[in-house]
Each structure stands twice: as C-alpha cells, then as structure tokens.
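Chain residues, written in single-letter form:
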Amino acid sequence: MRVRLDLAYDGTDFSGWAAQPGLRTVQGELTAALTTVLRQADPVRLTVAGRTDAGVHARGQVVHVDVERSAWAALPGRSDRDPGASLVSRLGGILPADVVVHRAAPVPAAFDARFAALERRYLYRIADAAATRDPLRRHDTVWWRRPLDVDAMDAAARSLVGLRDFAAFCKQREGATTIRTLLDFSWSRGPDGVLAGTVRADAFCHSMVRSLVGAVVPVGEGRRAPDWPRLLQDRAARAPEIHVMPAHGLSLEEVVYPDDADVAARSLVTRARRTVD
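Residues numbered from 1 in each chain as written. Predicted model: local features only at pLDDT ≥ 70, side-chain atom pairs only at ≥ 80, totals over all residues. Heavy atoms only, no water.

1. Focus: the pattern of salt bridges
Logical step 1: Applying the stated rule across the entire model yields 18 salt bridges.
Logical step 2: Linking Glu253 and Arg59 is a salt bridge whose minimum nitrogen-to-oxygen distance equals 2.6 Å. Of the two residues, Glu253 sits in strand β10 (residues 250-256) while Arg59 sits in strand β3 (residues 57-66), which places them 194 residues apart along the sequence.
Logical step 3: Note on Glu253: relative accessible area 14%, which makes it buried.
Logical step 4: Here the salt bridges do not stand alone but share partners, grouping Arg4, Asp6 and Arg103 into one network. (Salt bridge = Lys/Arg side-chain N within 4 Å of Asp/Glu carboxyl O. Helix = DSSP H or I, 4+ residues; strand = E, 2+ residues; numbered from the N terminus. Buried < 20%, exposed > 50% of the residue type's maximum accessible area, 1.4 Å probe, protein only.)

Structure representation (structure tokens):
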C-alpha cells in the first residue's frame, strides 16, 4: 500500500534532501527511521515532491513510500490508535529534532509525491537595511546590507509569471526541459520590515527559485532597470549575471495535489514534455 508523509525540516545542518555517501541528508535520516519503525530488512524507498538543496528548509514537504499492509497494520501494537498516528508518534521518537513528520496516511496507488503535484509554493525572506533583524530567525532569513525597493521588486517579479522557458534561471541538466508555469512571483514587506517573496509554480528546475530572487534583488537596489529580469527570460541559456541567492532564506511551504480521483491523470500530464507555443 502507498502512504503519504507530510513533513518539515530545518535545512541548516543538512546537505540537502537527497541521500549522499558520507553526508547528513534529510532523505538519509528519514529512510533510516522508517526502515527501523517498519522493521524492514532493506532500506525503504522514498519519493519526494521536491529535492531541496543544502541549507534550504521545508515546512510543507511531501513524500510517498510503499509499505507492506502487514507492517502498516502492526504499527499500533496493542493500542487502539490509527496506524498513521502511530507511525508519526514512533518517528517522533527516532528522528532528530530538525526533522518532524506531521502526518502519515494511506493514498491511492496512483498517487505520486513528485509527479502528481499541481503546484509548489516557496517563501524567500530578506531583512534589508530597513528591517528589524531578529537573531532568532537568522537561519531562515538573509540579511542584506542595502535598502530594497519592495514595489520595484514586486513589479519585476510579476512580469515573469506565465508558461515560459526559464533556461536563464536554471542550472540546466542534459535532456531536461526548462519550461515551467510560474503561477505567482510577488513581494511584500511585513510589519517587522522583512521582505517576503512568494514563488509558486507547477514545478521548478535546479536553482530556479534562488535565481529568480537573485534577478529581482538588483532591481530593488536600483542597480538594474525593472525590465531587466524579463529581458533575461528571453535567453535560451543560463544568464551568468544572475546571483544565486543564499539557500538559508528559502523554504518549501506547500505542495498542492488534485483530488484522489485525478492523481493518475495529473501524473501523466506532468510527465509529458512541456512546450511553449
């Protein structure tokens, strides 16, 4: 049977999501904990909604794992708890403090944490010269020395929204498309003066979010014209002028999925190669 896990983690001390020999990763910690709790002889296999880079955080990450029905049914032991609640409780006793699984529940066999997603929402936080710098938020907020014009950044960001080729903002991988649907890219300043950038898309290519942020920050500083990011977008290759912003300001906030009846169809659409008319 297939089980969906909703989890969060502080990416500060991780070398990203993906398991790597000799490095501490979120996937490595979660795989080890699940393998122990489910009493599996071999490491369980995880499929994640989005592979976050080293230092990137997540508040709304989603994973799916296939579990033997007997192992699922055995989770409550002698208690009358739901197996999902039992799994969350047991994982909480094993996982380190910087990884928390909030929910575990069965899903249809066609559910795919990666390919069935409709959209992913990220948040990027910047404390510029006008903001209150909170040392308790230093691990998820980038401190920027220069003042930033949030209205100029917002206008530049919104000009990038739509179904387009984002090759200028991606570290390209051979054979992979860079066409994405950017659903929202906007900026606002909170009561504490911290700038919050919201980025929503059907999917993201490698380094895309931090590059998008890096393209509008110079606009906020007044060093680039408001239409500079949009002009970069017309390029068919990565733009070396873009500064990829620090990882720790970024957090995966939410992954949105269709109703259970539509997950199989959504996976087929996502797997199809995208084009721009």
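Additional details are given in the paragraphs that follow.
2. What about the nonpolar core?
Side chains of a nonpolar character, in soluble globular proteins, are inclined to be buried together.
Logical step 1: Counting 79 residues, the largest nonpolar core has Leu5, Leu30, Ile126 and Trp187 as the members making the most contacts within it.
Logical step 2: The leading source of residues in this core is helix α5 (residues 208-221), at eight residues.
Logical step 3: Sequence-distant contacts of Leu30, defined by excluding residues within four places in its chain, comprise Leu5, Leu7, Trp17, Leu46, Val63, Leu95 and Val101. (Core = buried A, V, L, I, M, F, W, Y, C linked by side-chain atoms within 4.5 Å. Contact = heavy atoms within 4.5 Å.)

3. Regarding helix α1 (residues 26-37)
Logical step 1: Here α1 contains 12 residues, and its C-alpha end-to-end distance of 17 Å stays within 8% of the 16 Å for a straight helix at 1.5 Å per residue.
Logical step 2: For α1, the set of buried residues is Val26, Gln27, Leu30, Thr31, Ala33, Leu34, Thr35 and Val37.
Logical step 3: Those residues of α1 hidden inside the fold are in contact with β1 (2-9), β2 (46-48), β3, α3 (83-92) and β4 (99-107).
Logical step 4: Immediately downstream of α1, the backbone of Arg39 shows phi near 55°, a positive value. (Expected span 1.5 Å × (residues − 1).)

4. Notes on the packing of α1 against α3
Logical step 1: Contact geometry for α1 and α3: axes closest at 10 Å, N-to-C directions at 120°. Our classification of the angle between α1 and α3 gives oblique. Considering how the two elements wind past one another, α1 and α3 form a crossing that is right-handed. Along its contact with α1, which presents Ala33, Leu34 and Val37, the element α3 presents Leu87, Arg90 and Leu91. (Axes fitted to C-alpha atoms, helices over the stretch in contact; angles between N-to-C directions. Parallel < 35°, antiparallel > 145°, perpendicular 65-115°, else oblique. Left-handed = near helix turned anticlockwise from the far one by under 90°.)

5. Re the packing of helix α4 (residues 150-158) against α5
Logical step 1: One can describe the packing of α4 onto α5 by two numbers: an axis separation of 8 Å at closest approach and a directional angle of 145°. Where α4 crosses over α5, the handedness of that crossing is right-handed. Contact residues: α4 offers Ala152, Met153, Ala156 and Ala157, while α5 offers Val216, Val217, Val219 and Gly220.

6. Considerations on the side chain of Gln233
Logical step 1: Inspection of the secondary structure assignment puts Gln233 in helix α6 (residues 228-233).
Logical step 2: What makes Gln233 buried here is its relative accessible area of 4%.
Logical step 3: A distance of 3.0 Å separates a polar atom in the side chain of Gln233 from a polar atom in the side chain of Arg230. (Polar contact = N/O pair within 3.5 Å; in protein donor to acceptor, adjacent residues only side chain to side chain.)

7. Considerations on the environment of Arg173
Logical step 1: Here Arg173 lies in the loop between β7 (162-165) and β8 (179-189).
Logical step 2: Looking at Arg173, the relative accessible area reads 54%, which means it is exposed.
Logical step 3: Along the sequence, Arg173 and Cys205 sit 32 residues apart, while their C-alpha atoms lie 8.9 Å from each other.

8. Here we look at unusual backbone geometry
Logical step 1: A positive phi angle, near 55°, is found at Arg39, a position not held by glycine.
Logical step 2: Position of Arg39 among the secondary structure elements: in the loop between α1 and β2.
Logical step 3: In this structure Arg39 comes out as exposed when scored by relative accessible area, which is 72%.
Logical step 4: For Ser207, which is not a glycine, the phi torsion comes out positive at approximately 70°.
Logical step 5: Following the sequence through the fold, Ser207 ends up in the loop between β9 (195-201) and α5.

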